[in-house]
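Topology and contacts: notes
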Amino acid sequence: MKLFTYYQYEKVRKGERELKIGIDKIGFYTPQYYVDMNKLAVARNVEPEKFTIGIGQDEMAVAPITQDPVTLAANAALQILDDEAREKIDFVMFGTESGIDHSKSAGVYVHQLLGLKPNARTIELKQACYGATAAIQLAKGHIALNPESKVLVLASDIARYGINTPGEVTQGAGAVALIISADPRIMVLDDASAYLTKDIMDFWRPTYSDVAFVDGKYSNEQYLEFFGHVWDEYKEKTGLTIADFEAICYHLPYTKMGLKALRTILDEGSVDVQERLKENYQISTLYSRKVGNIYTASLYLSLLSLLEQKELEAGSRIGLFSYGSGAVGEFFSGILQPNYRDFLKIDHHTNLFNNRTELSVSKYEEIFEESLPTDGSSVDLDTTNDPAPICLTGIKEHMRQYTNKNK
């Protein structure tokens, strides 16, 4: 059973074509450095299986000082932009919880670095790891009113908890960029969704702190509670069941977390459905196991991993669970389009992973402790060893300086 909104009903009654809106392109970027979680576990006097099996992480991306949320997002977007996209993008939405300025949107920097047209709106959205999902939902509304437009949604974060802290194993760095448009070539996003907001303190980062605070046990409990709530509401709204989904992708603060949520609903399906969802879930975690937690981008890295690492049939329905501590949760879904794999950047992302450099634990700690000045002084950064096209080159008179090596 499919439930129609009044707007959809009126279009069907009048014989008008229903506007399909969704993901037209996806780009991803992660820094060139990573640390092996087995070696980090040994250095922390922890059994490696606690990290690789208990948490579900194999590697953790490490950002050099020449990469920040702006450059990560710009590098992710660079690979999916062409002349048509640059002409039609009239809205840039930047979801992050690693903002670099209390006033200026990180998206404005990216807008300039990518050479987008001036007559475009640009904003930044914040609600922990939910920010990019909020951006996508807003983008759908913009496209509904302006079908010829495209929206660039950026999800970019550097997760930091500190050296030798309980949250260290769930750090990471990276960004996902999505172009949202009418008649998308990768995935059409359904209109129906279910969402929930509650004022809770499971994870937060005060403005005076450069690391987050988290109540890990409570946050895990709330993640599961939010998922259960929005999943039940989504089923009631749409009439869909677990059998209607080829896969469900989750926000992944660490890859074992999503599996805990999936397990809470598996008994709603047959053995075949359970096996399908478990298999596709593991495929959706492959990229995150190499990168770690990237907050607003984690759900969409999960989706990208699934789409690039398995050939799914057109028409398959993919569920998406977004959770941002504090907290907002949402469940929605999308339908894969014919030949969607033709519009993915599989080779590019494969090379990105293959060309990374492993750091020793001591070198990782050294890079982690590097920081930009906070006293107003200027600094020049050497980008020679950073292979990324777009880099942070320093700070001058309180202003961050960026370069696009391709220009």
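Mapped onto the fold, T71 is located in helix 4 (residues 69–78). Look at T71 and you get buried, because its relative accessible area is 0%. A distance of 2.8 Å separates the side chain of T71 from the side chain of Q67, its partner in a polar contact.

Attention now goes to helix 4. The element helix 4 is extensively covered by neighbouring structure, given that 10 of its 10 residues are classed as buried. Taken residue by residue, helix 4 has P69, V70, T71, L72, A73, A74, N75, A76, A77 and L78 as its buried positions. Of the residues flanking the start of helix 4, the one acting as N-cap is D68, its side-chain oxygen 3.0 Å from the backbone nitrogen of V70.

This brings us to the pattern of salt bridges. Counting across every chain of the model gives 20 salt bridges. When the shortest N-O distance is used, the salt bridge between K88 and E84 registers 3.6 Å. Taken together, the residues span about one helical turn, with K88 and E84 both in helix 5 (residues 83–88) at a distance of 4 residues. In this structure E84 comes out as partly exposed when scored by relative accessible area, which is 41%. A salt bridge links K310 to E279, with the shortest nitrogen-to-oxygen separation between them at 3.4 Å. Pair noted here: K310 is in the loop between helix 12 (298–309) and strand 13 (317–324) and E279 is in helix 10 (residues 271–284), with a separation of 31 residues, a long-range link.

So, about helix 6 (residues 106–113). Counted residue by residue, helix 6 has 6 buried out of 8 residues, so it is predominantly covered. Among all positions in helix 6, only A106, G107, Y109, V110, H111 and L113 are buried. Buried residues along helix 6 sit in contact with helix 4, strand 4 (89–95), strand 5 (121–125), strand 6 (150–159), strand 17 (390–396) and strand 18 (399–404). A distance of 2.9 Å separates the backbone nitrogen of G107 from a side-chain oxygen at the start of helix 6, and that oxygen is part of S105. With its phi angle positive at about 70 degrees, G115 sits one or two positions after the end of helix 6.

Before going further, it helps to spend a moment on the confidence of the model for the protein. Per-residue pLDDT for the protein averages 95, and the proportion of residues at 70 or more is 96%. This model gives residues 1–7 a pLDDT under 50, and the stretch forms 10 contacts once residues within four places in sequence are excluded.

This part is about the packing of helix 8 (residues 216–238) against helix 9 (residues 255–263). The interhelical angle for the contact between helix 8 and helix 9, taken along N-to-C directions, is 40 degrees, at an axis separation of 10 Å. Judged by the angle between their axes, helix 8 and helix 9 are oblique. When the axes of helix 8 and helix 9 are compared, the crossing they make is right-handed. Between helix 8 and helix 9, the residues in contact are N220, Y223, L224 and F227 and M257, G258, K260 and A261, respectively.

Attention now goes to the sheet that holds strand 18. Strand order across the open sheet formed by 3 strands is 16-17-18, with antiparallel pairing between neighbours. The two strands at the open ends of the sheet, each matched to only one other strand, are strand 16 (379–380) and strand 18. Sheet topology note: the strand 17/strand 18 ladder contains 6 bridges and is antiparallel. Bridge pairing links K396 to M399 in strand 18. Along the sheet, helix 4 makes contact with strand 17 and strand 18, crossing strand 17 at roughly 155 degrees.

This paragraph deals with the packing of aromatic side chains. Counting across every chain of the model gives 22 aromatic pairs. Between W231 and F245, the aromatic rings sit 5.7 Å apart at their centres with planes inclined by 55 degrees, giving tilted as the arrangement. Pair noted here: W231 is in helix 8 and F245 is in the loop between helix 8 and strand 12 (247–250), with a separation of 14 residues, a long-range link. Taking the relative accessible area as the measure of exposure, W231 reaches 1% and is therefore buried. Measuring from ring centre to ring centre gives 5.2 Å for W231 and F331, while their planes differ by 80 degrees; the resulting arrangement is edge-to-face.

All right, on to the state of the cysteines then. Scanning the model with the defined rule gives 0 disulfides in all. C129 forms no disulfide, and the closest cysteine sulfur to it belongs to C249, at a distance of 16 Å. By relative accessible area, which is 9% here, C129 ends up buried.

Burial analysis of strand 1 (residues 21–29) places 9 of its 9 residues in the buried class, which makes it a mostly covered element. In the sheet, strand 1 pairs with strand 7 (residues 172–182) via 8 bridges, with the strands oriented antiparallel. Its bridge partner lying in strand 7, I21 is registered against A182. One ladder, built from 2 bridges, connects strand 1 with strand 8 (residues 187–189); its direction is antiparallel.

For the rest of this paragraph, the subject is the side chain of Q79. Examined against the element boundaries, Q79 turns out to sit in the loop between helix 4 and helix 5. By relative accessible area, Q79 is classed as buried at 15%. Here F28 takes part through its backbone oxygen, which lies 2.9 Å from a polar atom of the side chain of Q79. Setting aside residues no more than four positions away along its own chain, Q79 makes contact with G27, F28, K345, H348 and H349.

Rules behind the numbers
Residues numbered from 1 in each chain as written. Predicted model: local features only at pLDDT ≥ 70, side-chain atom pairs only at ≥ 80, totals over all residues. Heavy atoms only, no water. Helix = DSSP H or I, 4+ residues; strand = E, 2+ residues; numbered from the N terminus. Buried < 20%, exposed > 50% of the residue type's maximum accessible area, 1.4 Å probe, protein only. Polar contact = N/O pair within 3.5 Å; in protein donor to acceptor, adjacent residues only side chain to side chain. Salt bridge = Lys/Arg side-chain N within 4 Å of Asp/Glu carboxyl O. Contact = heavy atoms within 4.5 Å. pLDDT = per-residue confidence, 0-100. Axes fitted to C-alpha atoms, helices over the stretch in contact; angles between N-to-C directions. Parallel < 35°, antiparallel > 145°, perpendicular 65-115°, else oblique. Left-handed = near helix turned anticlockwise from the far one by under 90°. Pairing = 2+ DSSP bridges. Phe/Tyr/Trp six-rings, centres within 6.5 Å; stacked < 30°, edge-to-face > 60°. Disulfide = S-S within 2.5 Å.

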